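Close look at the chain arrangement
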Amino acid sequence: MKYDFTAIEKKWQKKWMEEKTYAAVTGDTSRPKFYGLVEFPYPSGNGLHVGHARPYTAMDVVARKKRMDGYNVLFPIGYDAFGLPTENFAIKNHIHPAKVTHDNVANFRKQLQMLGYSFDWDREVNTTDPSYYKWTQWIFLQLFKKGLAYKTSMPVNWCTSCKIVLANEEVVDGVCERCGGAVIRKEKSQWMLKITEYAQRLIDDLDGLDFIERVKTQQKNWIGRSTGAEVDFKTTAGDTLTVFTTRPDTLFGATYMVIAPEHAYVKKWKDLITNYADVEAYVAEAGRKSDFERTELVKDKTGVRLEGVRAINPVNGKEIPIFISDYVLVSYGTGAIMAVPAHDTRDWEFAKKFGCEIIEVVQGGDVQKEAFTLKDDTGIMVNSDFLNGLTVKEAIPVITKWLEKSGIGHEKVNFKLRDWVFSRQRYWGEPIPLVHCDKCGWVPLPEDQLPLVLPEVDSYEPTDNGESPLAPMTDWVNTTCPCCGGPAKRETDTMPQWAGSSWYFLRYMDPHNDKALASKEALEYWSPVDWYNGGMEHTTLHLLYSRFWHKFLYDIGVVPTKEPYKKRTSHGMILGEGGEKMSKSRGNVVNPNDIVDEYGADTMRTYIMFIGDFEKAAAWSANAVKGCKRFLDRVWNLGEMEHTGEDYSPANEAAVHKAIKKVSEDIEAMKFNTAIAALMALVNDFYANGASRGDMKALILMLSPFAPHICEEMWENMGFAAAEGKMACQMAWPVYDESKTIASEVEMAVQIQGKLRGSVKVPMDSDEATVVAAAKAVDKVARQLEGMEIVKVIHVKNKLVNLIVKPAK
RNA sequence: GCCGGUGUGAUGGAAUUGGUAGACGUAGCGGACUCAAAAUCCGCCGCUGGCGACAGCGUACCGGUUCGAGUCCGGUCACCGGCACCA
């Protein structure tokens, strides 16, 4: 019989679906559980990409292996379906986004099933489903009630093309992440979530997690904790200007101050500033620029001196000038700095341009030529009164203590992390369930009124004035205040796409619950996610946001664990044939459908796992796909041969045990490529030695997580299904015996002076004398030993022997 | 600039974490089968010299530790990813 992958795959997929093979989550809490999670897809109109297939296949292999290991496995899938592309498509084609979403989801589901993934299809979730976003809204209300959601007017990133407010995270290289349009700053009233309140915990709790290191460091850098001090400077205006500095030791070198253009004191000092017109012009100019434009002008510092107001350096009473400049950010620290040009590159550049004094306070450089910025033990303090002679390291605690004692400063920790801009002026998102009443202010919708369903609108177009498309819907907007019963208006902004994905893994645990986001029992049993694999691009967005929400839910007693994910791994990108990123314009996009049609899902799965190191980027190769098809053909043809013996054959026994060990360990370590290589090597052995039924049984079971369809078919054809009364995927994973992984004889390397000179076959675990004797008998070795005497022997059991020699006397 | 990572045959990539570098696959070459081709099966396949047995060299580059280094240490170069006027 020929390997008819199309018929085989159709047959088994149907059987798995009909028998709900993977929905058999038993609820038997005595069994160990395993929760494997992949990032649910955004159901775009383009359908599934090969980029999805890599992480999904990997976790499917893990899930299948875990089931065979006896775990109760939760391996779910869903759709993160709110978002701009759907909305844009809907606008362009005049189709309701819900309809677009429904069709795209249907297509995705078909493709996922075509690849044979063992998802539990009874637990599918969709973030746009009102029964789902009811709970997204519920979580938002809890955040609001705890004071973690607030509305504020702030300069925001405004995409001129999408006409939408973007989170800092959505601005990449100064342009909109999605459309590439120009981003400017605009003053807008926005809902914010206080993720900064959790900054310290988001760093601290990383320590206990099994996340790959680069994810941890990237999150830490993003949160950006730095320790320093806040210092109060008195001014000639009679008030106090507070700055944040990480270098309080350099306080004696502070020769001027800089405040951000948006700093409140600019307006406060209006009457004192004699050049206010210049100042005002500069502020206006800075306000127009986007963050990107401001940072682009790095080389050339700009600013204006505030004439009429001066600050007083608290350590020496010196009067120093104050400037405004956009190199100081209003959103970090206090929005004001003390400038120490001698020891900070940016201050130095500014000082050179504006002719400020440069005073050296740490020895070690020529501060007139460039800033000396090393903060280590070697720098000695000078020109600093009571700090003179101390090292920088010693001076910091001394000055900090002095500041505290004098009441002009204190130690302070700052974070780069900003609060999360949570509202979007868009239609296709979760409505924010709040009502504004002139008397009562912002009032949460009563929970029994959730979900607040998106109303039908005539137009999804964003409006030019930046309001949500929901805003013109007066009969929806106008409502009554849940608090006082008076007239009130609904919030018309919607939530960002990150909302629905911040907690979806909880919903999978109990997806049909209408009393809670999930039951206590389900949360207790399944939490936390044991293994979450996803893309590096989500490290500082989705992954951080969902950790934040989860910590909040933990604080209010909803979830049982502090952290949502025990283990986080990340896969590399799949590149096009030439090693370039796949894109429509390059014409190098590989469609999974085509591969499945031509070679079958099993080949697709095997290849995508064999393509290379899972964590690194890998280029697609059409030839290598054929190689994997050839491998499966060889496996199939092996099954068509005659086999006798239910045990492992003597010729293959060691190889089979070794392969079981290798494949088991490699799957656990995400080294899927070498697991498949080991199976290929085993098949080569079987071709050379012939295979027993026992040998074949082990091979089929080990291959089944990677290529499940062909394995089930062979399992059935060879009569194993009938004998066991089970499908291959329901069998126990084969076990290996360590002592049988090694043959009775081993080949050992023989080195002389550390140089390889030959090899020798000796019985397993031979002692040194035996090995040396055998080594001397090897021709090549004997020749090298002529006229030499052995002075030292290094013997590594079963590995090698190294003979150290010198000329004999 | 700061943080993280990578560098191995023509090529994708292996190497039990200091112990025979190049597993497995692709491409290539040779053979069997075939009228022929495809498919399949068998063999070869780091570089240099030699008919050959064999010898020398070889994991980006320079140096070090070690009986022994792709692996550890110091330095250099190149590339990739993240952050970036964060005081």
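All chains use their own residue numbering, which begins from 1 and follows the written sequence. Chain A is the first chain written and ligand 1 is the first ligand written, with later ones labelled in order. A pLDDT threshold of at least 70 governs which residues receive local features in this predicted model, and a stricter bar of 80 or more applies before side-chain atom pairs are shown or counted, although totals over entire chains, interfaces and linings include all residues. Side-chain numbers here rest on the full set of heavy atoms in the structure, without hydrogens or water.

1. Re the pattern of salt bridges
When a carboxyl oxygen of Asp or Glu lies within 4 Å of a side-chain nitrogen of Lys or Arg, that pair is called a salt bridge. Under the defined criterion, the tally for this structure stands at 39 salt bridges. One salt bridge in this structure joins Asp 60 and Arg 605, with 2.6 Å as the shortest N-O distance. One end of the pair, Asp 60, is in helix α2 (residues 50-68); the other, Arg 605, is in helix α18 (residues 601-610), and 545 residues separate them in sequence. Each member of the pair, Asp 60 as well as Arg 605, carries the same accessibility label: buried. Of the charged contacts, one joins Asp 366 and Lys 369 as a salt bridge, the two residues approaching to 3.5 Å between their closest N and O atoms. Think of it in three bands: residues with accessible area under 20% of the maximum for their type are buried, residues over 50% are exposed, and the middle band is partly exposed, with areas taken using a 1.4 Å probe on protein chains only. Given a relative accessible area of 39%, Asp 366 falls into the partly exposed group. Each of Lys 65, Lys 66, Asp 69 and Glu 668 takes part in one network of salt bridges that share partners. Where helices and strands are cited, they refer to DSSP runs of H or I of at least four residues and of E of at least two residues respectively, numbered from the N terminus.

2. Quick notes on the protein's contact with RNA strand B
The nearness test applies per residue and asks whether one of its heavy atoms lies within 4 Å of the molecule or strand. Inspection of the region around RNA strand B gives 51 residues, with Thr 246, Tyr 327, Arg 346, Lys 416 and Asn 802 positioned closest. A share of 63% of the atoms of RNA strand B within 4 Å of the protein falls on sugar and phosphate groups. Throughout this description, a polar contact denotes any pair of N or O atoms lying within 3.5 Å of each other; where both atoms belong to protein, one of them has to be capable of donating a hydrogen while the other can accept it, and for residues adjacent in sequence the pair is counted only when both atoms sit in side chains. Lys 301 is positioned such that a nitrogen or oxygen atom in its side chain is 2.7 Å from a base oxygen of RNA strand B. Element by element, the count of residues in the surface near RNA strand B is highest for helix α21 (residues 672-689), at 6 residues. Across the surface near RNA strand B, the residue classes tally to 20 nonpolar, 15 polar and 16 charged. Only Asp, Glu, Lys and Arg are considered charged, only Ala, Val, Leu, Ile, Met, Phe, Trp, Tyr, Cys and Pro nonpolar, and every remaining residue, Gly among them, polar.

3. Details of the sheet that holds strand β23 (residues 531-534)
The sheet built from 5 strands is open, its strands ordered β2-β1-β23-β24-β10 with parallel pairing. Both edges of this open sheet fall to β2 (72-74) and β10 (210-211), since each of them pairs with a single strand only. Note that strand β1 (residues 33-38) and β2 share 3 bridges and pair parallel. Across the sheet, residue Lys 33 finds its bridge partner in β2, namely Asn 72. Should DSSP find at least two bridges between two strands, the strands are taken to pair.

4. Section: the sheet that holds strand β6 (residues 164-166)
Backbone-to-backbone hydrogen bonds pair the strands of a sheet. The strands run either parallel or antiparallel. Taken together, the 4 strands give an open sheet; going across it, the order is β6-β5-β9-β18, and neighbouring strands pair in antiparallel fashion. At either end of the open sheet lies a strand with only one pairing partner, and these are β6 and β18 (420-421). Judged from the 2 bridges that link them, strand β9 (residues 183-193) and β18 form a sheet pairing that is antiparallel. Its bridge partner lying in β18, Met 192 is registered against Val 421.

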